[in-house]
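# Results of the structural survey
Next come the chains, spelled out residue by residue.
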Amino acid sequence: MAEQPIALRPPEHRVERRAIGLWALQSLIGFAVLAGLLTAAYLIFDGARSWLGPILVVVVVWGAVVTVVMPLWRYAVHRWEVTEDAVYAVSGWIVREWRVVPLSRIQTVDTIRGPLEQAMGLATLVVTTASSRGAVKIPGIDAQVAARVADELTKITQRTPGDAT
Amino acid sequence: MSTEPAVTDTPDPASDEPWQRLDTRVVWVDAAKTLLSMVPAGIAIAFFGAEINWGTMAPILAATAFGVLGGIADLLRWVKTRYRITDQYVERRTGLLVRQHRSIRRDRIRSVDTSAKLRHKLAGLRVVTVGAGQHSAAGEAALVLDAVRTETALRLRQDLLYGATPAAPAEAAPRREQADGQVLARLERSWVLYNMFSIWAFLMAAGLLWGTYWLLRMFGLDPEGFVQGLADWDAIGTAWTIVIAVAAVGVVGVAGLAVAFVTENWRFVLQRVPGERGTVLRTTQGLLKTREVNRDDNRLRGVQIAEPLLWRWIGMADTTVVSTGLSMWSTTPSAQILPRGPVSVARRVAAEVLETTPSPVDRPLRTHPRRALRRRAGWALTTTAVVTGLLAWLTTLIDGLPDGVWFAGLGVLPVGLGLAVVAYRALGHTVADGYLVVRSGAWARTTAALQSRAVVGVTFRQSLLQRRLGLVTVEATTAAGMGGYSALDVAAADAVELADAAAPGLLTPFRVATAAAADDPVAAQARP
C-alpha cells in the first residue's frame, strides 16, 4: 500500500495477524469440500471423466493459489477505523472496497463469530444502515475489541434521533 | 398517532377496540363467483351436448373445480378474518388451520392503497393494502384487507394516513370530485404505440390462441379444419406458410398487448394531492381492475428514467420514483409513476415531481474517461474468448459436433463490442442542486437522480484491472429504491471529489490532501 489508489488515507487500524490463518483455513476448507465432491464424482462416473478431469485440475490449482495468496493480500489491504462521525473500512483483495458510513445513519451494530473465529478469538463487526447495500463488514478483529466497539457504537446511535433513512 | 419511543413494540391484547369483520358483501361476491365458474361447463353440457369425459373436458372441468374451491376457500377466509384499528396499531387475524396475527404500528405506515377487480367494483367493495416500508424490514408482507366497502376504504385511508377523520361529508363526496390536486400527467392515446410492440406479443398470442383452440374444441367445433380450409397451404409452400403464421400470430399478439395496455391504464392520471402530512403522488388507473396508489412525498428521494436500448430510437422510457418504503421488486409496481411512454413526457414529469428547475435528469453529465471503454471492450473480448474456448473444448469431447463449431463463438465479438460502445456512451455523472445524478446501462440506459440528503454511506470499489486503468466505481448507498446508485468507472483522481459532493462532509476527515493537491495523489502521499 505504498501509494493510494484514491485520494483517501487508509483507516487507522490493521486487522489481527491471526486473521491470515482464519482466511487460509476458510479458503482451504471451502476448496477441500469442492475438490472432494469433484473427486468423488470423478471416481463414480466413468463416462464423465474426460471433462471432470480438467475441471478438477483447475479447481485444485486455483484453490492452492487462492489459499496462499488471498490471506496475505487481504491482510495487506484490510483496515478499519471508527471516528466520532463515521465508520471507515477497507476490504477485499482482487476487488478492493472502501466503505464510509456516518454514525448518524447506522441502524444496527452486530458482532458475528463463526466456529473458526470463536476458536481463534476473532470476530466480524457488521454495521448496517437502512440501505440494503450499505452494510460495512469488518472481519478478523479481536473479539474483545469488536464487542467494545459494538457497545460504543450502539450507545452513540441510540442518541441519534430519527429513523436514519 | 404518537411517534414517541414510549410506544410498545407489541400490540396491547387487552385493548378494548372491537374486532371487525370484512364486509358481508364479500360472501355474495364469493357465491356469485362460484356459480359463474360453473357456467361454461354447464353451457357446454346443456346446449352443445358435450360428453363429460376427461379428454375434451379436462380444462373446463379443472377450471370449474378451481373456481368452486376458490369460492369456498374465500368464504372460509371471510369467516375467519377480523381486523381492528387501535390508537397505535392496525391488526388483522386470519387463517383457518394456521392462525395468523399481523400488526403494523400506525406511525410506520407509509402507504394505504386501494384496488378493485371488476367483481369488487360491481359490489361496491375495495381491497385495502396497508404498507409499512417492507423494503428495509426484510420478509415483512403488507397487510391486506380483502375487501371492505368503498366508504370504509376511503375512511381507513383518511384515518391511517392523515390521522383524524374529517367531517362526514368528505366521505359522501364522489371520488372524482377530489381532483383538487395538481395533475402532472394523463394517459395519452399515442402511448399505446409504445406498449404494443414487444417480444411478449408472441407469448401473449400463443396463450390466447391455445385458449381459443381448447374452447372451440370443447364446444365441438373444429379449429384445425377451419384454418386448413382458409387457403391452399400446399400451393403456398412451407416457407411462406411459416411467414404467414408468424405474421398472423404477431398481429394477434400486438392487438392483445394493445388491449391489455388500454384496460390496465384506462383513465390513468398522475397527480399531486395535498394531505395532512404533506402531499402525496397519486396514480389512478384501470378499466376492469382499478388501482390507486399513493406515494408519500416525504419519502420521495429522487427519480429514475430507464430507456431500453432497442426502443431508444423512438424515445421510449420507464419512469419510477426513488422512494423509501417502495420496493423495486414488488408485484404491483408502485414505484412506477408513468406507463411506458415517450421520454420527453418522462423528463417533464420527473422535473415536476422533483420540483427542481432545471431538472436534475436534464443536467449535462460529465463523461467518463476513455479508459472505461477499454474495460468494456475487454469484457467483450473475454466473453468471446470464453465462449469460443468452451465450444472448442466441447467439440473435442462430443464426437457428433462438427469441428468448425467454435467458429460460431466469434459471432459474439461484434455484438459484445457494440454493447461495449453503447455502455460506455451511457456513462455519465454529475452533482447539481443537491442531487447526485448517475447514468449507465447497455440494454437499458438508466438515469437516476438521488437527493444528497438520502445518501446513507459511500462505497468505492476497484478491481485490479480498474486500478491499472485508474478507474473507480463510486456508489452512494441509500434507504430508498435500489439501495445504492453507482457511478461506474469514474477517473480515480475524481472519485473522492464526486463522493464528497454527493455526501458533503462525510469524507473530510479521511481525505489525504486538499483539493489543490488532490490532482497528484502520489505526490501528496509522499509527504509525511
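The rules behind the values
- Residues numbered from 1 in each chain as written.
- Chains lettered and ligands numbered in written order.
- Predicted model: local features only at pLDDT ≥ 70, side-chain atom pairs only at ≥ 80, totals over all residues.
- Heavy atoms only, no water.
- Helix = DSSP H or I, 4+ residues; strand = E, 2+ residues; numbered from the N terminus.
- Buried < 20%, exposed > 50% of the residue type's maximum accessible area, 1.4 Å probe, protein only.
- Contact = heavy atoms within 4.5 Å.
- Areas by Shrake-Rupley, 256 points an atom, 1.4 Å probe, with all protein chains shown as cover.
- Axes fitted to C-alpha atoms, helices over the stretch in contact; angles between N-to-C directions.
- Parallel < 35°, antiparallel > 145°, perpendicular 65-115°, else oblique.
- Nonpolar A, V, L, I, M, F, W, Y, C, P; charged D, E, K, R; others polar.
- Core = buried A, V, L, I, M, F, W, Y, C linked by side-chain atoms within 4.5 Å.
- Pairing = 2+ DSSP bridges.
- pLDDT = per-residue confidence, 0-100.
- Buried area = accessible area lost by both parts, 1.4 Å probe.
- Salt bridge = Lys/Arg side-chain N within 4 Å of Asp/Glu carboxyl O.
- Expected span 1.5 Å × (residues − 1).
- Phe/Tyr/Trp six-rings, centres within 6.5 Å; stacked < 30°, edge-to-face > 60°.
- Lys NZ or Arg CZ within 6 Å of the ring centre and 35° of its normal.
- Arc of directions from axis to C-beta.

This part covers the overall build of chain B. Along its length, chain B carries 17 helices and 20 strands. Counting every position in chain B, which comprises 528 residues, the buried fraction comes to 44%. Long-range contacts, defined as pairs at least 24 residues apart, comprise 57% of the intrachain contacts of chain B with a sequence gap of at least 6. Accessible surface, chain B: about 27200 Å² in total, of which carbon and sulfur atoms supply 63%.

Another aspect to go through is the packing of helix H1 (residues 18–44) of chain A against helix H2 (residues 49–77) of chain A. Residues and elements named next belong to chain A. Here H1 crosses H2 at 175 degrees, and the two axes come no closer than 9 Å. Relative to H2, the element H1 is oriented roughly antiparallel. The residue inventory of the contact of H1 with H2, partitioned by class, reads 22 nonpolar, five polar and two charged.

Here we take up the nonpolar core. Of all hydrophobic cores here, the largest spans 35 residues; its most connected members are Ile6 and Leu8 of chain A together with Phe460 of chain B. Mapped by element, the contributors of at least two residues to this core are strand E3 (86–92) and strand E4 (95–102) of chain A together with strand E16 (435–440), strand E17 (444–451), strand E18 (455–463), strand E19 (471–478), strand E20 (484–491) and helix H16 (492–502) of chain B. Here this core gets six residues from one element, more than from any other, and that element is H16 of chain B. The contacts of Ile6 of chain A, once residues within four sequence positions are left out, are Trp98 of chain A together with Phe460, Val472, Ala492, Ala495 and Val496 of chain B.

Turning next to the pairing of strand E12 (residues 300–308) of chain B. All names here are of chain B. Counting buried positions along E12 gives nine out of nine residues, so the element sits mostly inside the fold. Here E12 runs beside strand E13 (residues 316–323); their pairing, made up of six bridges, is antiparallel. The partner of Ala306 across the bridge, within E13, is Asp318. Pairing between E12 and E17: seven bridges, direction antiparallel.

Predicted confidence across chain A gives a mean pLDDT of 90, with 95% of residues reaching 70 or more. Across chain A, the element-wise mean pLDDT spans from 87 in strand E5 (residues 106–112) of chain A up to 95 in H1 of chain A.

Another point: the interface of chain B and chain A. Facing the 39 residues of chain B at the interface are 36 residues of chain A. Of the roughly 3300 Å² buried where chain B meets chain A, counting both sides, 59% is carbon and sulfur surface. Inspection of the region where chain B meets chain A yields two salt bridges. In this structure, the salt-bridge partner of Glu97 of chain A is Arg461 of chain B, at a minimum N-O distance of 2.7 Å.

Now for the sheet that holds E4 of chain A. A sheet is described by the order of its strands in space; here seven strands give the open sequence E1(A)-E2(A)-E3(A)-E4(A)-E18(B)-E19(B)-E20(B), paired in antiparallel fashion. Each edge of the open sheet carries a strand with a single partner, namely strand E1 (13–14) of chain A together with E20 of chain B.

Residues and elements named next belong to chain A. Here H1 contains 27 residues, and its C-alpha end-to-end distance of 39 Å stays within 8% of the 39 Å for a straight helix at 1.5 Å per residue. Taken as a whole, H1 has its buried residues at Ala19, Ile20, Leu22, Trp23, Ser27, Ala35, Leu38 and Ala41. Lining the buried residues of H1 we find H2, helix H3 (115–120), strand E6 (122–129) and strand E7 (136–142).

A word on the sheet that holds strand E4 (residues 100–105) of chain B. All names here are of chain B. In spatial order, the strands read E1-E2-E3-E4; together these four strands make up an open sheet with antiparallel pairing. Edge positions in the open sheet fall to strand E1 (20–21) and E4, since each of these has one partner strand only. One ladder, built from two bridges, connects E1 with strand E2 (residues 82–85); its direction is antiparallel. Of the residues in E2, the one forming a bridge with Gln20 is Tyr83.

With that settled, consider the pattern of salt bridges. Residue and element names in this part refer to chain B. Using the criterion set out here, one finds 27 salt bridges over all chains in the structure. Between Asp494 and Arg366 there is a salt bridge; the shortest N-O distance is 3.7 Å. Taken as a pair, Asp494 in helix H16 and Arg366 in the loop between helix H11 (343–354) and helix H12 (371–397) lie far apart in primary sequence, 128 residues in all. Its relative accessible area of 30% is what places Asp494 among the partly exposed residues. Taking relative accessible area as the criterion, Arg366 reaches 48% and is therefore assigned partly exposed.

The subject of this paragraph is the pairing of strand E2 (residues 79–82) of chain A. All names here are of chain A. By the bridge criterion, two bridges tie E1 to E2 in an arrangement that is antiparallel. Each bridged residue has a counterpart across the sheet, and for His13 the counterpart in E2 is Trp80. Of the strand pairs in this sheet, E2 and E3 are connected by four bridges, and their pairing is antiparallel. For Glu81, the partnering residue across the bridge sits in E3 and is Tyr88. Where E2 folds back onto E3 in an antiparallel hairpin, the turn is made up of three residues.

Looking now at the environment of Val82 of chain A. As for its position among the elements, Val82 of chain A is in strand E2. Apart from the residues within four sequence positions on either side, Val82 of chain A is in contact with Val87, Val149 and Leu153 of chain A.

Another point: the packing of aromatic side chains. Each aromatic ring pair is specified by the distance between its two centres and by the angle formed by the two planes. All chains considered together, the criterion is met by six aromatic pairs over all chains. Taking the centre distance of 5.8 Å and the plane angle of 80 degrees together, the rings of Trp73 of chain A and Trp93 of chain A count as edge-to-face. With Trp73 of chain A in helix H2 and Trp93 of chain A in the loop between E3 and E4, the pair connects residues that are 20 residues apart, well separated along the chain. Between Tyr213 of chain B and Trp214 of chain B, the ring centres sit 6.4 Å apart and the planes meet at 80 degrees, which makes this aromatic pair edge-to-face. In this structure Tyr213 of chain B comes out as partly exposed when scored by relative accessible area, which is 25%. When the ring centre of Trp23 of chain A is taken as reference, the NZ or CZ atom of Arg74 of chain A above it lies at 5.9 Å. The ring of Trp19 of chain B has Arg93 of chain B lying over it, and the distance from NZ or CZ to the ring centre is 4.3 Å.

Time to look at helix H4 (residues 143–159) of chain A. Residue and element names in this part refer to chain A. Over its 17 residues, H4 extends 25 Å from the first C-alpha to the last, a length consistent with the 24 Å expected when each residue adds 1.5 Å. When we look at burial in H4, the residues that qualify are Ala143, Ala146, Val149, Ala150, Leu153 and Thr157. The buried residues of H4 occupy an angular sector of 120 degrees when the element is viewed end-on, so they sit on one face. Exposed side chains of H4 directed beyond 90 degrees from the buried face belong to Gln144, Lys155, Gln158 and Arg159.

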